[in-house]
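Given next are the chains, with one letter for each unit.
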Amino acid sequence: MKNIMLVFGTRPEAVKMCPLALELMKRPSVRVKVCVTGQHREMLSPVLSFFGIEPDADLSVMTEGQTLFDITEKVMRGMRSILEKEKYDLVLVHGDTTTAFAAALSAFYMGVPVGHVEAGLRTYDISSPYPEEFNRTAVDSLSLYHFAPTELSARRLVSEGRQEAGVFITGNTVIDALKTTVKESFSHPALDFAGGRKMILLTAHRRENLGAPMREMFAAIKEVLSSHPDICAIYPVHPNPAVKKAAHEVFGGFEQVKLSEPLDVFEFHNILARSYIALTDSGGIQEEAPAFGVPVLVMRNTTERPEAVNSGTATLVGNTFESVRRGLSNILDNGSVYSAMAHAANPYGDGKACIRIADIIEKGYTEI
């Protein structure tokens, strides 16, 4: 029996790893343990509850005012303690978080093979996004098994010298998650707030956008919406104090934007599925929204997911006042632009990524 540990600590990781954990738990030849780091404590627990995952270990690294130094150190110390107690055949990490980097490095130091779910994403700009671009590149360097969501991400890995036999194109596990979370019947105060208006789902929290860029982005959104009374926006505000401050300073008292607490995964996916546009500086929404035919405007200058841009489901609009104003106005004022994005094909798979990854782990990875 293969002894596998999945490690994750943030909400996006949990959304994409919980379906994989559940799939692996179905396999009689695999023994699965889940370790959470608690990097996003408040936002992580509801996802675990939704999917019915009870962690076997919880490192509880989150503290007020935590830094990247703090997270890295605490995750590595916690992982060392866990890996010293029991022999594992594989540690699975996800994506580009500090949790993923620190857990992968810990496994590497302990001589445990690492599998990277959502491998091969790149901007090739180490400062954008920061520190995610470093994290994912480092995790790929530490990993023996690379589960790439797309053909492009797999080609990147091979071109960088990764062993081709260890690179697998699987699709993205978030598409698997959507099968569980999105329901035909759904009600929520955000939909009541929209009241039949076209609704934008806004998310913004990227570290490089904090401060002046975020205020510019928000000011541009406010100006465009002011001239489009038939459009509203729901903004689940990230708990980062700097994000909260900017959101309330710009949008406070503005009727067309509803500020809310972070949504749980069930609420978020169902509201996204009913949105007119997704306006974001996040990564995962670039994969999720196209599954519902929702165009994505990305408030960044680079993306590690160029498949979305290349397929026409997403557009980079930058993070300045003028670029965001121009990008949002363009899609709201041009029906042909909107229609082309809404009907473009989703490049992120068919919802069977977890089955493919589990098959590889159960039957094939020891042959590499």
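Quick note: structure is the one above.
Residues numbered from 1 in each chain as written. Predicted model: local features only at pLDDT ≥ 70, side-chain atom pairs only at ≥ 80, totals over all residues. Heavy atoms only, no water.

## Brief notes about the sheet that holds strand β13 (residues 314-316)
Strands sit in the order β10-β9-β8-β11-β12-β13 across an open sheet of six strands; the sheet is parallel. At either end of the open sheet lies a strand with only one pairing partner, and these are β10 (257-260) and β13. On average, each strand axis in the sheet is tilted by 20 degrees relative to the strand beside it, whichever way the strands run. Summarising the sheet, strand β9 (residues 231-236) and β10 pair through four bridges and their orientation is parallel. Within the sheet, the bridge partner assigned to Y235 lies in β10 and is L259. The strands that helix α9 (residues 212-226) touches are β8 (198-203), β9, β10 and β11 (277-280); relative to β9, the one it contacts most, it runs at about 150 degrees. Running at roughly 150 degrees to β10, helix α10 (residues 241-251) makes contact with β8, β9 and β10 of the sheet. (Pairing = 2+ DSSP bridges. Helix = DSSP H or I, 4+ residues; strand = E, 2+ residues; numbered from the N terminus. Axes fitted to C-alpha atoms, helices over the stretch in contact; angles between N-to-C directions. Contact = heavy atoms within 4.5 Å.)

## A few points about a nonpolar patch on the surface
Residues F108, Y109 and M110 make up a contiguous nonpolar surface patch of roughly 340 Å² in combined accessible area. For F108, the location among the structural elements is in helix α4 (residues 98-109). Assessed through its relative accessible area of 47%, F108 is described here as partly exposed. (Patch = residues over 30% accessible without salt bridge, like charges linked within 9 Å, V, L, I, M, F, W, Y side chains within 5 Å. Areas by Shrake-Rupley, 256 points an atom, 1.4 Å probe, with all protein chains shown as cover. Salt bridge = Lys/Arg side-chain N within 4 Å of Asp/Glu carboxyl O. Buried < 20%, exposed > 50% of the residue type's maximum accessible area, 1.4 Å probe, protein only.)

## Points about the packing of aromatic side chains
For the structure shown, the criterion picks out ten aromatic pairs. Taken together, a centroid distance of 5.2 Å and an interplanar angle of 70 degrees make the contact between F101 and F134 edge-to-face. Placement of the pair is F101 in helix α4 and F134 in helix α5 (residues 132-142), with a sequence separation of 33 residues. Take F101: its relative accessible area is 14%, and that puts it in the buried class. Judged by centre distance (5.0 Å) and plane angle (40 degrees), the rings of F218 and F251 are tilted. With F218 in helix α9 and F251 in helix α10, this residue pair connects regions lying 33 residues apart in the sequence. (Phe/Tyr/Trp six-rings, centres within 6.5 Å; stacked < 30°, edge-to-face > 60°.)

## Thoughts on α5
Most of α5 is tucked away, with eight of its eleven residues classed as buried. For α5, the complete set of buried residues consists of E132, E133, N135, R136, A138, V139, D140 and L142. Looking at the buried residues of α5, the elements they touch are β4 (90-94), α4, β5 (114-117), β6 (145-148) and α6 (151-159).

## Structural notes on unusual backbone geometry
The bulk of non-glycine residues show a negative phi, and the bulk of peptide bonds are trans. Of note, the bond from S128 into P129 is cis; its omega dihedral lies within 30 degrees of zero at -5 degrees. Its place among the elements puts P129 in the loop between β5 and α5. Going from Y130 to P131, the amide bond is cis rather than trans, its omega being 0 degrees. Its location among the elements puts P131 in the loop between β5 and α5. The backbone of S60 sits at a positive phi, close to 50 degrees, despite the residue not being glycine. Position of S60 relative to the elements: it lies in the loop between β3 (57-58) and α3 (68-85).

## Overview of the layout of surface pockets
Quantified by volume, the second largest pocket comes out at close to 220 Å³. Along the walls of the second largest pocket sit 13 residues, with P19, E23, K26, D176 and T180 positioned nearest its centre. At the level of secondary structure, the elements contributing two or more residues to the lining of the second largest pocket comprise α1 (11-25), α7 (173-181) and α16 (353-364). With four residues, the top contributor of residues to the lining of the second largest pocket is α7. (1 Å grid on protein atoms, 1.4 Å probe; cavity = no way out; pocket = protein on both sides within 12 Å on 5 of 7 lines; lining within 4 Å. Points joined across faces, edges and corners; volume = space filled by probe spheres on them.)

## Observations concerning helix α15 (residues 335-342)
Here α15 has its buried residues at Y338, M341 and A342. Each buried residue of α15 sits inside an arc of 95 degrees when the element is viewed along its axis, so together they form one side. Residues S336 and A340 are exposed on α15 and point more than 90 degrees away from its buried face. The inward-facing, buried residues of α15 contact β11, β12 (296-298), β13 and α14 (321-333). (Arc of directions from axis to C-beta.)

## Thoughts on the pairing of β4
Counting buried residues in β4 gives five out of five residues, a clear majority hidden from the surface. The two faces of β4 match: L90, L92 and H94 on one face and V91 and V93 on the other face are all buried. Where strand β1 (residues 2-8) meets β4, three bridges bridge the pair, whose relative direction is parallel. Bridge pairing links I4 to L90 in β4. Where β4 lies against β5, four bridges are found, and the strand directions are parallel. Bridge pairing links H94 to V117 in β5. Since β4 and β5 lie parallel, the crossover through α4 that links them has a hand, and here it is right-handed. (Right-handed = clockwise from strand over helix to strand, strands pointing away.)

## Describing the pattern of salt bridges
Scanning all chains against the criterion turns up 28 salt bridges. Among the ionic pairs, E255 bridges to R197, the shortest N-O distance being 3.2 Å. Note that E255 is positioned in the loop between α10 and β10 and R197 in the loop between α8 (189-194) and β8, a separation of 58 residues in sequence. Look at E255 and you get exposed, because its relative accessible area is 52%. The residue D350 makes a salt bridge to R356 at a minimum N-O spacing of 2.7 Å. Note on D350: relative accessible area 41%, which makes it partly exposed. Looking at R356, the relative accessible area reads 29%, which means it is partly exposed.

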